[in-house]
2 protein chains.
Amino acid sequence: MSIPSASKISARPTVRRKPLNRATISDQIYAQLCLSLASGELAPGERLSIRKVAATLGVSMMPVREAITRLIVDNALEILPNKAVRVPIMTTEIFRELTSVRIHIEGFAAEQAAIHRTDEELDLIKEQEVAFRDAVTSSNPSKIEALRANKNLHFIIYRASHLPTLLRITEMLWLRVGPIINLDLDSSVVQGAKTALAQHARLVHAIQTRDAATARDALAADLLGTANFVLESTRLRENNLPLPLSDFGH
Amino acid sequence: MSIPSASKISARPTVRRKPLNRATISDQIYAQLCLSLASGELAPGERLSIRKVAATLGVSMMPVREAITRLIVDNALEILPNKAVRVPIMTTEIFRELTSVRIHIEGFAAEQAAIHRTDEELDLIKEQEVAFRDAVTSSNPSKIEALRANKNLHFIIYRASHLPTLLRITEMLWLRVGPIINLDLDSSVVQGAKTALAQHARLVHAIQTRDAATARDALAADLLGTANFVLESTRLRENNLPLPLSDFGH
DNA sequence: CACTGATTAGTGTGATCACAGTGAGGCTAT
DNA sequence: ATAGCCTCACTGTGATCACACTAATCAGTG
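All values reported here derive from a predicted model rather than from experimental measurement.

Each value, and the rule that gives it
Residues numbered from 1 in each chain as written. Chains lettered and ligands numbered in written order. Predicted model: local features only at pLDDT ≥ 70, side-chain atom pairs only at ≥ 80, totals over all residues. Heavy atoms only, no water. Least-squares fit on C-alpha atoms with pLDDT ≥ 70 in both. Contact = heavy atoms within 4.5 Å. Helix = DSSP H or I, 4+ residues; strand = E, 2+ residues; numbered from the N terminus. Expected span 1.5 Å × (residues − 1). Buried < 20%, exposed > 50% of the residue type's maximum accessible area, 1.4 Å probe, protein only. Arc of directions from axis to C-beta. Pairing = 2+ DSSP bridges. Axes fitted to C-alpha atoms, helices over the stretch in contact; angles between N-to-C directions. Parallel < 35°, antiparallel > 145°, perpendicular 65-115°, else oblique. Nonpolar A, V, L, I, M, F, W, Y, C, P; charged D, E, K, R; others polar. pLDDT = per-residue confidence, 0-100. Salt bridge = Lys/Arg side-chain N within 4 Å of Asp/Glu carboxyl O.

**Side note on the relation of the copies chain A and chain B**
Put simply, the second copy of the chain is the first one after a rotation about an axis and a shift along it.
Here comes step 1: Each copy of the sequence occupies a distinct position, and chain A is placed on chain B by a rotation of 180° and an axial shift of 0.0 Å, giving an RMSD of 0.1 Å. What the rotation and shift describe, once combined, is the action of a two-fold rotation axis.
Here comes step 2: Both copies share a contact surface, since 100% of the interface residues of chain A are interface residues in chain B too.

The following block contains the structure:
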C-alpha cells in the first residue's frame, strides 16, 4: 500500500498549511484492513499477527495494533481466549441472526430515508441504481463492479436517513458480512441479482414517492434474497466447532 | 481504582494455572472509563488527556490509549480535528436522533425478548423489576440504586432477545446516553419514575405472556418518557456551537 | 515406533522514548 | 495599550524495547 515514510513538510513559504485533518497511519491501516475484509481477501478463520501485518505493510506495530483494536470493537475481527486475533468464522446460525438484525435495522434506515431524503440524495440513489443495473446486465458482467455499486446504493440510502447513529451501525453490520458475500459469489452474482434488480427498483421508487413502508419491505426482500443465496451456496460452517484448524495463519 | 502493579505469580506449585481469561489492564481502564461516563463523573464537553488519565490511574499511556480508542469507536468519546479527545456534547437535536434510534432498536430487542426468553430469564427480569420498584418507592429513594436496577432490567431483557449483535448495539447506545441521564436527574428521578414504573409493569407482563407487540410498545413508551424528562429539565445545548469553552479540562 | 520432555520461535500486552503539532502566556516593538 | 512574535508546556502518534505466555519443533526415553 506504500505508506509515504512521513509527511515531510520542509518549509511552508507563505501559506500556513493546516495539516489538521491529515489521516493517521493507523487510519490508513484500518481502511486497508477494511478493504481486505470486504473483498474476502482476508478469509474467515484466518489469523492475524500484528507483527506480520506490520511487516507486510511496512510500518511499525503501533498503527496496526490500533487498527486491529478498532476492528475488534466493531466485531469485524474477534479475539480468541488465547489472545489470538482472527477474522470470525461465520456459522449459519450467526448468519441468520445477523441477517434478521440487518433486515430490521437497515429496513428502518430505508424507511427513514424515504421520509427524510432530499432531492439531491434521490438523484444519487437513482444514479447508483442504474450503475448496479449496468454492472449486472452488461455483456461481460463485473462481479466487483456490481458489489461496489450495490454497496454504494445501500449506503447512500442509509445516509439519506439523516440518522448518523444508524449509519454507523449499518457500517458495522456490513463489515461483518463483507467477508462472506464476497467470498464465493463469483459470476453467479448475476444469477442472484435477478431478484435484487427487482427489489432495487421497488426500493428506489418507494423512496421517490416517500412510501416508507414499501421502502422498508423492498429493502428487506433484497437483503433476504441475497442472504438466502449465500445460505444455499453455503460455505458456512453448520455449527461452531471449537477450532477450525484449517487456517493458513502464517 | 488501584491496579495491582502486575500479576505477580511467583511460582505455581502443582496446579497449572491457566491465566488465559485474565482481564487486561486495558480492559480495566475501559471498564473504569465506562463507569465514569455512565455515572456522569465525566461530563459532556470535558477533555481527556491520555497522560493525565494514565497518571491518575497509575498506569502507563498504552492501556489508556487503547481504552480511549475503543471508546471513540463506539462513539462514547469523540475526537476533535485537533486530535483532542473529549466526551461528546449532546445537543437536543442529537439527543432526539439518538432517542428515535433507541426506541426502534431497543423496542425490537424487547419484541424479540418476548419471543425468545427462557423461563429463567423471565425470573431474572421480574427480579430486577421489583428491585427498581423498591429503589424508587422506598422511604429514602436511592437515585443510583434506581438507575442501576433500571439498567439491569433493560439489559437482561436485551440479552433475552438472544441476538448478540443487538445486545452489542444497545450497549453502544447506552454508553452514549449515559453521561446525560445521570447528569442532573437527582432525586427528581423519583418523580419521573411514575411512568417508568407503569411501563415496566406492562413490559414485564408482555414478556411473560409473549406479547411481542405490547412489549415493544411498553419499552418505547418507557424510553420516550425518560427522554422527554431529560428534554424538559434540559441541560442540553440547543445547537452545536463551534466550541463549548466551558470545560475544565485545563 | 510412540510418547513425553525441554527448547525455541512467535505472540499480544505494557512501558518508555522521540517527534511534530498545538495553544496559551509573556515578552518586545510599535 | 495593543498587536505581533516567541517560547514553552503539553498533546496524540509512532517506534522500539521488555516481558510473560503460547504453540510448535525436536530431543530423549519408554
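**Describing helix H1 (residues 25–38) of chain A**
All names here are of chain A.
Here comes step 1: Under the 1.5 Å per step criterion, the end-to-end length of H1 is 20 Å for 14 residues, consistent within 8% with the ideal 20 Å.
Here comes step 2: Among the residues making up H1, those that are buried are Ser26, Ile29, Tyr30, Leu33, Cys34, Ser36 and Leu37. For H1, the angular spread of buried residues about the axis comes to 165°, placing them on one side.
Here comes step 3: Tucked into the core, H1 has its buried residues touching helix H2 (50–57), helix H3 (61–73) and helix H7 (164–181).
Here comes step 4: Immediately beyond the C-terminal end of H1, within one or two residues, lies Gly40, with a positive phi of roughly 80°.

**As for the sheet that holds strand S1 (residues 47–48) of chain A**
Residues and elements named next belong to chain A.
Here comes step 1: Spatially, S1-S3-S2 is the arrangement adopted by the 3 strands of the open sheet, whose pairing is antiparallel. Two strands lie at the open edges of the sheet, namely S1 and strand S2 (78–79), each paired on one side alone.
Here comes step 2: Bridge count between S1 and strand S3 (residues 85–86): 2 bridges; the pairing is antiparallel. Opposite Arg47, over in S3, you have Arg86 as the bridge partner.

**Brief notes about the side chain of Asn150(A)**
Here comes step 1: Mapping Asn150(A) onto the fold places it in helix H6 (residues 143–160).
Here comes step 2: Ignoring sequence-local partners within four residues, the contact set of Asn150(A) consists of Phe132(A), Trp174(A), His200(A) and Asp222(A).

**A word on the packing of helix H4 (residues 92–116) of chain A against helix H7 (residues 164–181) of chain B**
The angle between the axes and the distance between the axes are what describe a pair of packed helices.
Here comes step 1: Running from N to C, H4(A) and H7(B) cross one another at 50°; their axes reach a closest spacing of 8 Å. Considering their axes alone, H4(A) and H7(B) lie oblique with respect to each other. Here H4(A) contributes Glu97(A), Leu98(A), Val101(A) and Ile105(A) to the contact with H7(B), which in turn contributes Pro164(B), Thr165(B), Leu166(B) and Ile169(B).
Here comes step 2: Here the residues of the contact of H4(A) with H7(B) are counted per class, giving 6 nonpolar, 1 polar and 1 charged.

**So, the sheet that holds strand S1 (residues 47–48) of chain B**
Residue and element names in this part refer to chain B.
Here comes step 1: Pairing in this open sheet of 3 strands is antiparallel, and the strands run S1-S3-S2 from one edge to the other. Both outer strands of the open sheet, S1 and strand S2 (78–79), are each paired with one neighbouring strand and no more.
Here comes step 2: The pairing of S2 with strand S3 (residues 85–86) spans 2 bridges and is classified as antiparallel. Residue pairing across strands places Ile79 opposite Val85, the latter belonging to S3.

**Structural notes on the environment of Arg133(B)**
Residues and elements named next belong to chain B.
Here comes step 1: In this fold, Arg133 is placed in helix H5 (residues 119–137).
Here comes step 2: Of the residues examined, Arg133 reaches a relative accessible area of 32% and is grouped as partly exposed.
Here comes step 3: On a C-alpha basis, the gap between Arg133 and Ala196 in space is 9.5 Å, while along the polypeptide they are 63 residues apart.
Here comes step 4: Those residues in contact with Arg133 that lie beyond four places of it in its chain are Ser138, Leu197 and Ala201.

**Looking at the confidence of the model for chain A**
Residue and element names in this part refer to chain A.
Here comes step 1: When pLDDT is averaged across chain A, the result is 82; 80% of the residues are at 70 or more.
Here comes step 2: Looking across chain A, the model is least confident in helix H8 (residues 189–208), with a mean pLDDT of 85, and most confident in H3, with 96.
Here comes step 3: Low confidence marks residues 1–19, where pLDDT is under 50. Its contacts with residues over four positions away, or in another chain, come to 11 contacts.
Here comes step 4: Note on residues 239–250: pLDDT under 50 across the span, and 13 contacts to partners over four residues away in sequence or across chains.

**Focus: the pattern of salt bridges**
Here comes step 1: Inspection of the entire model under this criterion finds 18 salt bridges over all chains.
Here comes step 2: Arg168(A) is the partner of Asp74(A) in a salt bridge, and the nearest nitrogen-oxygen pair spans 3.4 Å. Of this pair, Asp74(A) sits in the loop between H3 and S2 while Arg168(A) sits in helix H7, and the two are 94 residues apart along the sequence.
Here comes step 3: Residues Glu145(B) and Arg148(B) are paired through a salt bridge, measuring 2.9 Å at the closest nitrogen-oxygen approach. Pair noted here: Glu145(B) and Arg148(B) are both in helix H6 (residues 143–160), with a separation of 3 residues, about one helical turn.
Here comes step 4: Judged by its relative accessible area of 47%, Arg148(B) falls in the partly exposed class.

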